[in-house]
Amino acid sequence: MPKIEVDLSQELNERLMSFVVKSRGSLYVQRSDVVIDAIKEYLDRNERKVRRSNG
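All values derive from a computational prediction rather than experimental measurement.

**Describing the overall build of the protein**
Working step 1: On a plain count of helices and strands, the protein comes out with 2 helices and 0 strands.
Working step 2: Taken over C-alpha atoms, the radius of gyration comes to 14 Å for the protein, far larger than the 10 Å a tight globule of 55 residues would show.
Working step 3: C-alpha atoms of the protein, sized along the principal axes, occupy 45 × 25 × 20 Å.
Working step 4: By the burial criterion, 9% of the 55 residues in the protein qualify as buried.
Working step 5: Within the structure as shown, the protein displays about 5300 Å² of accessible surface, and the carbon and sulfur contribution to it stands at 55%.
Working step 6: The positive charge centre, built from 11 side chains, and the negative charge centre, built from 9, are 6 Å apart in the protein.

**Regarding helix α1 (residues 10-24)**
Working step 1: Between its first and last C-alpha atoms α1 spans 21 Å; for 15 residues at 1.5 Å apiece the expected length is 21 Å, and the two agree.
Working step 2: Just past α1, the residue G25 takes up positive phi, approximately 105°.

**Quick notes on a positive patch on the surface**
Working step 1: A grouping of R45, R48, K49, R51 and R52 is seen on the molecular surface, where their side chains present a positively charged patch.
Working step 2: Topologically, R51 is positioned in helix α2 (residues 29-53).
Working step 3: Residue classification places R51 among the exposed positions, given a relative accessible area of 54%.

**A word on the environment of R24**
Working step 1: Counting through the fold element by element, R24 comes out in helix α1.
Working step 2: Sequence separation between R24 and M1 is 23 residues, and the spatial gap between their C-alpha atoms is 22 Å.

**Focus on the environment of E41**
Working step 1: Mapped onto the secondary structure, E41 falls in helix α2.
Working step 2: Here the alpha-carbon distance between E41 and S18, two residues 23 residues apart in the chain, equals 19 Å.

**Thoughts on a nonpolar patch on the surface**
Working step 1: Together, I4, V6, L8, L12, V35, I39, Y42 and L43 make up an exposed nonpolar region whose accessible area comes to about 720 Å².
Working step 2: Along the chain, the position of L8 falls in the segment before α1.
Working step 3: On the basis of relative accessible area, L8 is assigned to the partly exposed category, the value being 37%.

About the cut-offs
- Residues numbered from 1 in each chain as written.
- Predicted model: local features only at pLDDT ≥ 70, side-chain atom pairs only at ≥ 80, totals over all residues.
- Heavy atoms only, no water.
- Helix = DSSP H or I, 4+ residues; strand = E, 2+ residues; numbered from the N terminus.
- Rg over C-alpha atoms; globule rule 2.2 N^0.38 Å.
- Buried < 20%, exposed > 50% of the residue type's maximum accessible area, 1.4 Å probe, protein only.
- Areas by Shrake-Rupley, 256 points an atom, 1.4 Å probe, with all protein chains shown as cover.
- Lys, Arg positive; Asp, Glu negative; His and termini not counted.
- Charge placed at Lys NZ, Arg CZ, Asp CG, Glu CD.
- Expected span 1.5 Å × (residues − 1).
- Patch = residues over 30% accessible without salt bridge, like charges linked within 9 Å, V, L, I, M, F, W, Y side chains within 5 Å.
- Salt bridge = Lys/Arg side-chain N within 4 Å of Asp/Glu carboxyl O.

Just distances and angles here, no functional claims.
Have a look at this one:
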């Protein structure tokens, strides 16, 4: 599986970690699952917009 590296602001990282702990528990591995879900949701919403705008 390909990996990506991103630099998060301190605030965004804290929000991510807080969300993961509250929603899925404190296991580190689950953080990547949350990020994967967020990317999928973002693409699902925005790919349609791009397709419509490109005709």
